[in-house]
Amino acid sequence: MEVKRIAKDALLRLATQFPVIGITGPRQSGKSTLAKMTFPNKKYITFDDKDLREMAKSNPKDFLLAFPDGAIIDEAQKVPEIFDAVKFHADNTNSEPGKYILTGSSQFKLKSNMTDSLAGRAAFLRLLPFSLEELKSESLLGDNVYETIVKGCYPPLNDTDRHFITEDWFDNYIDTYLDMDVKEQINPSNLNTFKKFIQTCALHSGQMLSMDGIARNLGISAPTVRQWLSILESSYIIHFLEPDFNNLGKSLVKTPKLYFTDTGLLCHLLRIESAEELILSRYKGGIVETFAVSELLKKRFNQGKKGNLTYFRDLKGFEVDLVADWKHTFAIEIKSSAESEEKLSANIRKYLSLRNEDSCNGAVFYLGDITCNINGIRYVGWKDWGQFAE
């Protein structure tokens, strides 16, 4: 099953400018599929193939000569020598834009090798799992928002040709992630604690980060928490929203908020296995907020742009869930209500009055099906979250 990825246009745009493009993102987000779909005539190489891997290691510069029109190189990080060879060809053969497309499942190695060897020659495209817009365009999006949240948006779980049981798939996903990505970043004796750490982080999705609280829970140091959060962020398991610093005064919090990038993985870690369990869960609000944030991140990343999302909170506790600093500025509240009631926009209206700027607009993301305007505030139904502001 092939789903047309919205990020294809951004990938083509970058490929008209830079000789090397790196596609990054979490495991199983569809990076290799996107590359092959976008460049069907470009030779595809994977260093999962042992013979190709050995040939590339022995003489990487000559290996690339076999592909005068460039190539898609998958699992590029498995042959670190290839990055200097790509740099050599990019510098010495007047490489046309878009000649090499590099992907890999280990984000740490891929990004570090590309950053070290290909600075100024490479651009990155971040690819998260399917967006709601992508699922909707292929008639893969159901009508039950809670079922969609619990399943999540990873491509294999939304492939009608495959029949994964969600719990089994996520168990395997976490084990693979720990074994292939995390093990080289930490002391292997700490892997079990790291797994508990991921589960603890799940409890905090949609909340302000408390490193000291996480450290106390697990009996580890705050510097260890900071290092492990960096691992989760670098591998696109989580994302941080920084607080919005604007001209509303100095009484603002300075702590980022933590969000998982996929609610299916989040629900699995919280042991929520059904729509009914989610509806009754005390974590429902944070999960719905996570769902909205992930959709807006996908929208921006699929355009080849930075998220540019923050949140606003003052020391008195007044908060607006999201401030989107895009072409226009949007203040967004996220509600787990299915009714488009005007009272849901109270915080938005207060925030807009504080900013007193014509260029700032208000929106409420809610779980209903209808998108409409009520007294100057846009109420956005959940199926339209990813198309917001277009």
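I will try to describe carefully the structure that is included in this document. (Residues numbered from 1 in each chain as written. Predicted model: local features only at pLDDT ≥ 70, side-chain atom pairs only at ≥ 80, totals over all residues. Heavy atoms only, no water.)

1. Points about the overall build of the chain
Broken down by element type, the chain carries 16 helices and 14 strands. For a compact globule of 390 residues, the expected C-alpha radius of gyration is about 21 Å, and the chain comes in at 22 Å, within 12% of that figure. The C-alpha extent of the chain, read off along each of the three principal axes, is 65 × 45 × 45 Å. Each of the 390 residues in the chain was classed as buried or not, and the buried ones make up 54%. Relative to all contacts within the chain whose residues are 6 or more apart in sequence, the contacts with residues 24 or more apart total 68%. Carbon and sulfur atoms provide 45% of the accessible area of the chain, an area that totals close to 17700 Å². Treating the 49 positive side-chain charges of the chain as one cloud and the 52 negative ones as another, the clouds have centres 5 Å apart. (Helix = DSSP H or I, 4+ residues; strand = E, 2+ residues; numbered from the N terminus. Rg over C-alpha atoms; globule rule 2.2 N^0.38 Å. Buried < 20%, exposed > 50% of the residue type's maximum accessible area, 1.4 Å probe, protein only. Contact = heavy atoms within 4.5 Å. Areas by Shrake-Rupley, 256 points an atom, 1.4 Å probe, with all protein chains shown as cover. Lys, Arg positive; Asp, Glu negative; His and termini not counted. Charge placed at Lys NZ, Arg CZ, Asp CG, Glu CD.)

2. A few points about the environment of T200
Of note, T200 is situated in helix 10 (residues 191-203). Linking T200 and K43, residues 157 residues apart in sequence, is a C-alpha distance of 43 Å. Ignoring any residue separated from it by four or fewer positions in sequence, one finds T200 in contact with I214, N217 and L218.

3. Description of the packing of aromatic side chains
Enumeration according to the criterion identifies 18 aromatic pairs in this entry. Where Y154 meets Y173, the ring centres are 4.9 Å apart and the plane angle is 55°; that geometry is what we call tilted. Here Y154 is found in the loop between helix 8 (145-151) and helix 9 (166-182), whereas its partner Y173 is found in helix 9, with 19 residues between them in sequence. Take Y154: its relative accessible area is 0%, and that puts it in the buried class. Exposure remark for Y173: the relative accessible area of 5% places this residue in the buried category. With 5.2 Å between their ring centres and 80° between their planes, F365 and F388 make a pair best called edge-to-face. Of this pair, F365 sits in strand 12 (residues 360-365) while F388 sits in the segment after strand 14 (377-380), and the two are 23 residues apart along the sequence. One aromatic cluster is present, built from ring pairs that chain together F291, W326, F330, F365, W385 and F388. The ring centre of F39 lies 5.8 Å from the NZ or CZ of K42, which sits over that ring. K61 extends its terminal NZ or CZ atom over the ring of F88, reaching a point 4.2 Å from the ring centre. (Phe/Tyr/Trp six-rings, centres within 6.5 Å; stacked < 30°, edge-to-face > 60°. Lys NZ or Arg CZ within 6 Å of the ring centre and 35° of its normal.)

4. Structural notes on the pattern of salt bridges
Under the counting rule described, the total for this entry stands at 14 salt bridges. A salt bridge links D91 to R121; the shortest N-O distance between them is 2.7 Å. Taken together, the residues D91 in helix 5 (residues 81-92) and R121 in the loop between helix 6 (107-117) and strand 5 (122-126) connect sequence positions 30 residues apart. The salt bridge involving D143 is made with K383; its shortest N-O contact spans 2.6 Å. Of this pair, D143 sits in the loop between helix 7 (132-137) and helix 8 while K383 sits in the segment after strand 14; the two residues are 240 residues apart in sequence, bridging distant segments of the chain. On the basis of relative accessible area, D143 is assigned to the exposed category, the value being 64%. (Salt bridge = Lys/Arg side-chain N within 4 Å of Asp/Glu carboxyl O.)

5. Considering the sheet that holds strand 10 (residues 319-325)
Strand pairing in a sheet relies on backbone hydrogen bonds. The paired strands run either parallel or antiparallel. Here nine strands make up an open sheet; going across it, the order is 6-8-7-9-10-11-12-14-13 and the pairing mixed. With partners counted over all chains shown, the strands left at the sheet margins are strand 6 (207-208) and strand 13 (372-374), one partner each. Here strand 12 runs beside strand 14; their pairing, made up of three bridges, is parallel. For A363, the partnering residue across the bridge sits in strand 14 and is R378. Running over the sheet, helix 12 (residues 222-234) touches strand 7 (238-243) and strand 8 (257-260) and is turned about 110° from strand 7. (Pairing = 2+ DSSP bridges. Axes fitted to C-alpha atoms, helices over the stretch in contact; angles between N-to-C directions.)

6. Some thoughts on the packing of helix 10 against helix 12
Viewed as axis vectors pointing N to C, helix 10 and helix 12 meet at an angle of 75°, and their least axial separation amounts to 11 Å. Looking at the two axes, helix 10 sits roughly perpendicular to helix 12. Residue-level contacts link T193, F194, F197, I198 and C201 of helix 10 to V225, W228, L229, I231 and L232 of helix 12. Considered class by class, the residues forming the contact of helix 10 with helix 12 number nine nonpolar, one polar and no charged. (Parallel < 35°, antiparallel > 145°, perpendicular 65-115°, else oblique. Nonpolar A, V, L, I, M, F, W, Y, C, P; charged D, E, K, R; others polar.)

7. Some points on the pairing of strand 3 (residues 71-74)
Here strand 3 shows two buried faces, one formed by A71 and I73 and the other by I72 and D74. Bridging between strand 2 (residues 43-46) and strand 3 involves four bridges; their strand directions are parallel. Paired with I45 across the bridge in strand 3 is I73. Note: strand 3 against strand 4 (residues 100-103), three bridges, orientation parallel. If you follow A71 over to strand 4, its bridge partner there is Y100.

8. Points about unusual backbone geometry
Look at Q28: it is not a glycine, yet its phi comes out positive at around 65°. Locating Q28 in the fold gives a position in the loop between strand 1 (20-24) and helix 2 (31-38). For E75, which is not glycine, the phi dihedral falls at a positive 55°. With respect to the secondary-structure elements, E75 resides in the loop between strand 3 and helix 5.

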